[in-house]
Amino acid sequence: MPGVLIVSGPKALGALTQMLQECARQAAPEIFPAQSGAAARRLLCENDYELVLINAPLSDEFGHDLALHAVQCSQAGVLLIVRNEQADAVAAKVEDEGVFILGRPLSRELFYQAVKLVKAARRRLMGMQQENRRLQGKIEEIRLCGRAKCALIQYCGYTEPQAHRYMEKQAMDERRTRREIAEEILKIYEG
């Protein structure tokens, strides 16, 4: 784990840190402790974390607002620990946003499973975001090529298949991408 933000009172901070270090089999994660919601918000603005672990209630707030803030402003997996009696009520407020709820008292096995689940969900989310960026780039390339074909049709009198063939041939002959060829055509004809 690259980094874990643990937000808890001083009493439970040591125990959570120890359990988390035991949970990480190879390299122990770098732990960033915070004892209040305000301190945690500052740390969230300054760093990226793989996991944000919040042990509610905090000294200055309950913790569910901080959990929602962490989900919205970071790509970290967020695990909120609350008393068993409060788990369902808090879950109704935050689960739809992607916050994982864990009831207290904690067993080590349940804690380890929850951390693994949050890490797996985060990895999947990161993969989906990477795929989304790749597809957005592809869509932008298709748009550029379409505009370049329109420019060739309008200014050179090509048909759509001729414009397509011209761009493909230029890209192959010059060993450049279709995007680069389209950008060059647009520079020439659209200024």
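Preceding block: the structure.
So, here is what we can say about the structure in this document. (Residues numbered from 1 in each chain as written. Predicted model: local features only at pLDDT ≥ 70, side-chain atom pairs only at ≥ 80, totals over all residues. Heavy atoms only, no water.)

## Structural notes on the layout of surface pockets
Picture a little ball the size of a water molecule; that probe, rolled over the atoms, points out where space is still empty. Of the pockets and cavities examined, the largest pocket occupies roughly 160 Å³. Lining the largest pocket are 13 residues, and of these Val71, Ala76, Gly77, Gly98 and Leu125 sit closest to its centre. Looking at the lining of the largest pocket, the elements with two or more residues in it are β4 (77-83) and α5 (108-156). Looking at the lining of the largest pocket, the element that brings in the most residues is α5, giving 4 residues. (1 Å grid on protein atoms, 1.4 Å probe; cavity = no way out; pocket = protein on both sides within 12 Å on 5 of 7 lines; lining within 4 Å. Points joined across faces, edges and corners; volume = space filled by probe spheres on them. Helix = DSSP H or I, 4+ residues; strand = E, 2+ residues; numbered from the N terminus.)

## Some words on the environment of Glu184
For Glu184, the location among the structural elements is in helix α7 (residues 178-190). Sequence separation of Glu184 and Cys145 is 39 residues, and the distance between their C-alpha atoms is 11 Å. Only 2.8 Å separates the side chain of Glu184 from the side chain of Arg176, close enough to count as a polar contact. (Polar contact = N/O pair within 3.5 Å; in protein donor to acceptor, adjacent residues only side chain to side chain.)

## Topic: the sheet that holds strand β1 (residues 4-7)
Taking strand neighbours across the sheet as the criterion, the 5 strands line up as β2-β1-β3-β4-β5 in an open arrangement whose pairing is parallel. Each of the sheet's edge strands pairs with one partner strand only, and the pair in question is β2 (31-34) and β5 (99-104). Here the strands of the sheet are splayed against their neighbours by 20° on average, with no regard to which way each runs. Set on the sheet, helix α1 (residues 10-23) makes contact with β1, β2, β3 (51-55) and β4; between it and β1 the angle comes to about 150°. (Pairing = 2+ DSSP bridges. Axes fitted to C-alpha atoms, helices over the stretch in contact; angles between N-to-C directions. Contact = heavy atoms within 4.5 Å.)

## Observations regarding the side chain of Gln170
Looking at where Gln170 falls in the secondary structure, it is placed in helix α6 (residues 160-174). A distance of 2.8 Å separates a polar atom in the side chain of Gln170 from a polar atom in the side chain of Glu174. Once residues lying within four places of it in the same chain are set aside, the contact partners of Gln170 are Arg175 and Ile181.

## Section: the nonpolar core
Judged by nonpolar contacts, the single largest core of 24 residues is most densely connected at Leu5, Val7, Val52, Ile54 and Leu80. If you list the elements that add at least two residues to this core, you get β1, α2 (37-46), β3, α3 (64-73), β4 and α4 (84-94). What Leu80 contacts, discounting residues up to four positions off in sequence, is Ile54, Ala56, Gly63, His64, Ala67, Val90, Val94, Val99, Phe100, Ile101 and Leu102. (Core = buried A, V, L, I, M, F, W, Y, C linked by side-chain atoms within 4.5 Å. Buried < 20%, exposed > 50% of the residue type's maximum accessible area, 1.4 Å probe, protein only.)

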